[in-house]
Amino acid sequence: IAGWAAHGVCLIDFGRSIDLELYPPDHVFASKCLTETFECIEAREGRPWRHSIDLFAACACAHVMLHGEYIQLQQHGDGRWRPKLQLKRYWQVELWRKLFDTLLDAKVDAPHPNVGEIIHEIRTYFDGSPAARKSLKEALRSQYASLKESPTF
């Protein structure tokens with residue numbers, strides 16, 4: 001196995017999962033999660049959602065990997081939601097801002113955002129930067145080590 005197939009993160013928590021194949025393509029949901037840090041914007045606001053919960057989860061994972069803590073959001077004057085914690089200037093700000101802006105503000109009645117394009121941009125950045133790859137590997141090792149020390153691991 002080579003390239004990105006030999007790397008990566010495996011997300012395994014399917015505590016709230018829905019098989020969308022069982023519903024019509026235009027079906028939306030309106031439930032809430034009782035833990036705000038794991039709840040998409042639509043659910044927080046009592047609006048219907050479909051893919052928003054998955055897109056929010058991707059943002060939440062990226063946020064934890066970048067900052068080492070759960071995502072907290074704030075709504076800006078332009079109506080857009082963004083993480084409260086600022087991105088560090090050496091973190092490829094435009095790349096991560098695009099991820100958060102695109103995925104956090106995806107609307108249920110709009111076309112699904114092009115997640116593949118964002119993934120491609122992130123992979124291209126890491127493929128072109130050995131220092132960034134090394135830093136990512138070290139951060140993942142550190143997070144894994146702290147998880148192993150956790151009593152719930």
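The structure under discussion appears in the preceding block.
Residues numbered from 1 in each chain as written. Predicted model: local features only at pLDDT ≥ 70, side-chain atom pairs only at ≥ 80, totals over all residues. Heavy atoms only, no water.

Some words on the packing of helix H2 (residues 52-67) against helix H3 (residues 93-104)
As a reminder of what qualifies: Orientation is described by axes fitted as lines to C-alpha atoms, over the contacting stretch for helices, and by angles from 0 to 180 degrees between their N-to-C directions. Working definition: helices are DSSP H or I runs of at least four residues, strands are E runs of at least two. Numbering for both runs from the N terminus. To sort the angles, those under 35 degrees are grouped as roughly parallel, those over 145 as roughly antiparallel, those from 65 to 115 as roughly perpendicular, and the leftovers as oblique. Left-handed is the label given to a crossing in which the near helix is rotated counterclockwise from the far helix by less than a right angle, and right-handed is the label when the rotation is clockwise. Any pair of residues with heavy atoms lying within 4.5 Å of one another is described as a contacting pair.
Two numbers describe how H2 lies on H3: the axes approach to 9 Å, and their chain directions differ by 150°. The angle between the axes of H2 and H3 places the two elements in the roughly antiparallel class. Handedness of the H2/H3 crossing: left-handed. For the pair formed by H2 and H3, the contact residues are Leu55, Phe56, Ala58, Cys59, Ala62, His63 and Leu66 on the first element and Trp96, Leu99, Phe100, Leu103 and Leu104 on the second.

Here's the deal with H3
Applied cut-off: What a helix is expected to span follows from its residue count: subtract one and scale by 1.5 Å. Partly exposed describes any residue whose relative accessible area lies between the buried limit of under 20% and the exposed limit of over 50%, with all areas from a 1.4 Å probe on protein chains only and scaled to the type maximum.
Here H3 contains 12 residues, and its C-alpha end-to-end distance of 16 Å stays within 8% of the 16 Å for a straight helix at 1.5 Å per residue. Turning to H3, its buried residues number three or more, namely Val93, Leu95, Trp96, Leu99, Phe100, Asp101, Leu103 and Leu104. Its buried side turned inward, H3 meets helix H1 (41-44), H2, strand E1 (73-75), strand E2 (81-83) and helix H4 (115-127).

Concerning the nonpolar core
Basically, it comes down to this: Each nonpolar core is a collection of buried residues, namely Ala, Val, Leu, Ile, Met, Phe, Trp, Tyr and Cys, held together in the definition by side-chain atoms within 4.5 Å.
Core analysis: the biggest nonpolar cluster contains 29 residues, and Trp96, Leu99 and Phe100 have the highest contact counts within it. Phenylalanine 100 has contacts with Cys59, Ala62, His63, Leu66, Ile71, Pro83, Leu87 and Asp105, leaving out every residue within four places of it along the chain.

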